[in-house]
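# An overview of the molecular structure
In case you want the letters, here they are:
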Amino acid sequence: MTPAKLADAVLSAVVSVFTARGLDTSVLPENTTVERPRNPAHGDYASTLVLQVAKRAGVAPRELAGWVAERLREEPGIADVEVAGPGFLNIRLQAAAAGELARTIVTAGRAYGRSDRHAKQRVNLEFVSANPTGPIHIGGARWAAVGDALVRLLRAVGADVTAEYYVNDAGSQVDRFAASLLAAARGEPVPEDGYKGQYIEDVAQAVLKARPDALSSPDPQAIFRAEGLRLMLEEIETSLADFGVHFDVFFSESDLHRRGELQAALDRLRAEGHVYEADGAVWLRTTDFGDDRDRVLVRSNGSWTYFAADCAYYLDKRQRGFDRVVLLLGADHHGYVGRLRAMAACFGDDPDQTLEVRIGQFVNLLRDGEPVRSSKRAGTIITLEDLVEAIGVDAARYALARYSLDSPIDLDIDLWTRTTNDNPVYYVQYAHARIASLLRNAAELGVDREPFNPALLDHPRESDLLKALGEFPEVVQTAAELREPHRIARYLEELAGTYHRFYDACRILPRGDEATTDLHRARLWLVEASRIVLASGLELLGVSAPDRM
RNA sequence: GCGCCCGUAGCUCAGUGGAUAGAGCAGCUGCCUUCUAAGCAGACGGUCGUAGGUUCGAACCCUACCGGGCGCACCA
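In this text the structure is predicted, and so the values were computed from the model without any measurement.

## A short note on the layout of surface pockets
Its boundaries defined by the atoms lining it, the second largest pocket holds a volume of some 840 Å³. Around the second largest pocket, the lining is made up of 28 residues, and of these Arg36, Pro37, Lys467, Glu471 and Glu494 lie nearest the centre. Elements with a contribution of two residues or more to the lining of the second largest pocket: α18 (460-482) and α19 (486-505). Looking at which element gives the most residues to the lining of the second largest pocket, the answer is α18, with 9 residues. Of the residues that constitute the lining of the second largest pocket, the class distribution is 8 nonpolar, 5 polar and 15 charged. Split by domain, the residues of the lining of the second largest pocket number at least three in each of domain 1 (3-93) and domain 4 (424-540).

## Digging into the sheet that holds strand β8 (residues 281-284)
Across the sheet, 3 strands lie side by side as β7-β8-β9; this open sheet has antiparallel pairing. Unpaired on one side and paired on the other, β7 (275-278) and β9 (295-298) mark the two borders of the sheet. Strand after strand, the sheet turns through a mean of 45° between neighbouring axes, direction not considered. Sheet strands in contact with helix α10 (residues 261-271) are β7, β8 and β9, and its direction is about 100° off that of β7.

## Concerning unusual backbone geometry
Cis geometry is adopted by the peptide bond preceding Pro451, which originates at Glu450 and carries an omega value of -5°. Following the sequence through the fold, Pro451 ends up in the loop between α17 (424-445) and α18. Even without being glycine, Ser129 reaches a positive phi, approximately 45°. The topology assignment puts Ser129 in the loop between β4 (122-126) and α5 (138-156). Phi is positive for Arg483, which is not a glycine, with a value near 55°. Residue classification places Arg483 among the buried residues on the basis of a relative accessible area of 7%.

## Quick look at the packing of aromatic side chains
Scanning the entire structure with this criterion turns up 15 aromatic pairs. With a centroid separation of 5.7 Å and an interplanar angle of 55°, the aromatic rings of Tyr499 and Phe502 are classed as tilted. Placement of both Tyr499 and Phe502 in helix α19 is noted, with a separation of 3 residues, approximately one turn of the helix. Assessed through its relative accessible area of 0%, Phe502 is described here as buried. Look at Tyr499 and Tyr503: their rings are 6.2 Å apart centre to centre, the planes differ by 35°, and that puts the pair in the tilted class. Highlighted residues: Tyr499 and Tyr503, both in helix α19, separated by 4 residues, approximately one helical turn. Through a chain of ring-to-ring contacts, the aromatic side chains of Phe127, Tyr165, Phe247 and Phe250 assemble into a single cluster. Sitting over the face of the ring of Tyr313, Lys317 holds its NZ or CZ atom 4.0 Å from the ring centroid. Sitting over the ring of Phe243, Arg397 keeps its end group 5.5 Å from the ring centre.

Scoring rules and cut-offs
- Residues numbered from 1 in each chain as written.
- Chains lettered and ligands numbered in written order.
- Predicted model: local features only at pLDDT ≥ 70, side-chain atom pairs only at ≥ 80, totals over all residues.
- Heavy atoms only, no water.
- 1 Å grid on protein atoms, 1.4 Å probe; cavity = no way out; pocket = protein on both sides within 12 Å on 5 of 7 lines; lining within 4 Å.
- Points joined across faces, edges and corners; volume = space filled by probe spheres on them.
- Helix = DSSP H or I, 4+ residues; strand = E, 2+ residues; numbered from the N terminus.
- Nonpolar A, V, L, I, M, F, W, Y, C, P; charged D, E, K, R; others polar.
- Domains from an automatic or database assignment.
- Pairing = 2+ DSSP bridges.
- Axes fitted to C-alpha atoms, helices over the stretch in contact; angles between N-to-C directions.
- Contact = heavy atoms within 4.5 Å.
- Buried < 20%, exposed > 50% of the residue type's maximum accessible area, 1.4 Å probe, protein only.
- Phe/Tyr/Trp six-rings, centres within 6.5 Å; stacked < 30°, edge-to-face > 60°.
- Lys NZ or Arg CZ within 6 Å of the ring centre and 35° of its normal.

Keep in mind these numbers describe shape, not what the thing actually does.
Put into structure tokens, the structure is as follows:
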């Protein structure tokens, strides 16, 4: 029996008690969940549903709990139900019902934990979107790891997701980039406000190689601009691909300009009545929808603001049919949230429904416990590629995805490069490799899984493992809905620990010339189920599940 | 000054109103003649920043304060 099915059984027991006693069923929720108590004395699962509804139903919680317990005990698969404390329901499953979960998981395979709950949702998830004026730095690496995991998670719950990268190829920073390349190609010092670093030199040379005529053309900077952007973007795509991150769309800001979408967005906002002119500039009255101050769309010199492009971009996404626009931004952009939400409202949308801005804290790099300064302009960036080279793709992705977005990450380079066994990802991967090895041995010994008697899985470590495996679907769903992939990593660490403890306490394969028993076979189901969930969870994070370590 | 985020074990961090608050790492004590010891067991370690409030119940929700990070352009 899965926790979800048990929760359904609890709810229907409550409904039937309410109906039988003439209580007001409208105070009941549409669905409920069961918890896994830490204390084994509190049963395999516990429900707090009675506590939540008793007061509004006008019944004493303990009395209501008693009625529900009586009804629940008749449910097949349930061994016992106790009323505890103020009205907790502590439920114990029959070993056979609990053990059946192993069959459920093995039968479902990779589909276990996945659902179509959000199948009707079309989501556009934009992340990284680093300026194409340099390589992806360590901060961008975090959004790449988290964003890609989120894409996988949302797809796991059935959402139709487009992973998108916004290429800021139209602003003045691109001019500075082009000017820096040109200067480097001419052997001149880069401009004061230009970009520094070896990569500028490299890209400049690459441009010259592709376009030997660049310096003698009528507008050299235009060539360095176009070619430089192309090369830089290529490099960014390559390092992301090496990191296992793929985007469905690289969306160019200059395309928005070229297609006149900024003007179209402005017209639309004007028609909605939120645009006015003052001091020679064109403003959007975002204060109508909670922003601190109104925002300029067209400067008094006639040029578009970056924000105007944001408006056009949002409108473009909506017109492409996305009903949910999700942005992953760094903490330095949190000041944008208010204006972005207000902008969506100015278009007539309800930002609570259509726009979601997730703010992530930065990655601080430490070397010997000292912060490492990372500045793109000064050329002292630590890039995604540096990180991968130092600690590998698996460790890097895992390290960047295992923390809450709200939490800044202190990544000590020396620690991560020096010690590999301190790394939690190995703990999880090792559990998978251990299982793979064991399954190879089982195959060699000719141990089969049939027949399966789930009632034999009644050892405490076996029950713990079954319970941990049973949590996976809800963890996936919660992680997807809250946009918090780190929950998957934390879950996997817990599952790996539970497996290691099971492995330590329970012999799985027959030793020496022992005969194969039904217990060996039953445990093999449990082991295979564990492998499936570990591999499935690691896949959601984009981390490999090795068969050997 | 205003806004957002954070404050939980020595360190790094989990914990979307439930029971005795957890994990990893560091440090201590044990466990490999047969399934991977990159593992396991045990002990140690806490006024959940402070003070109030909300309720059957608060690390979690509300208010104030303290401390830290990051933002507050006709820059991008």
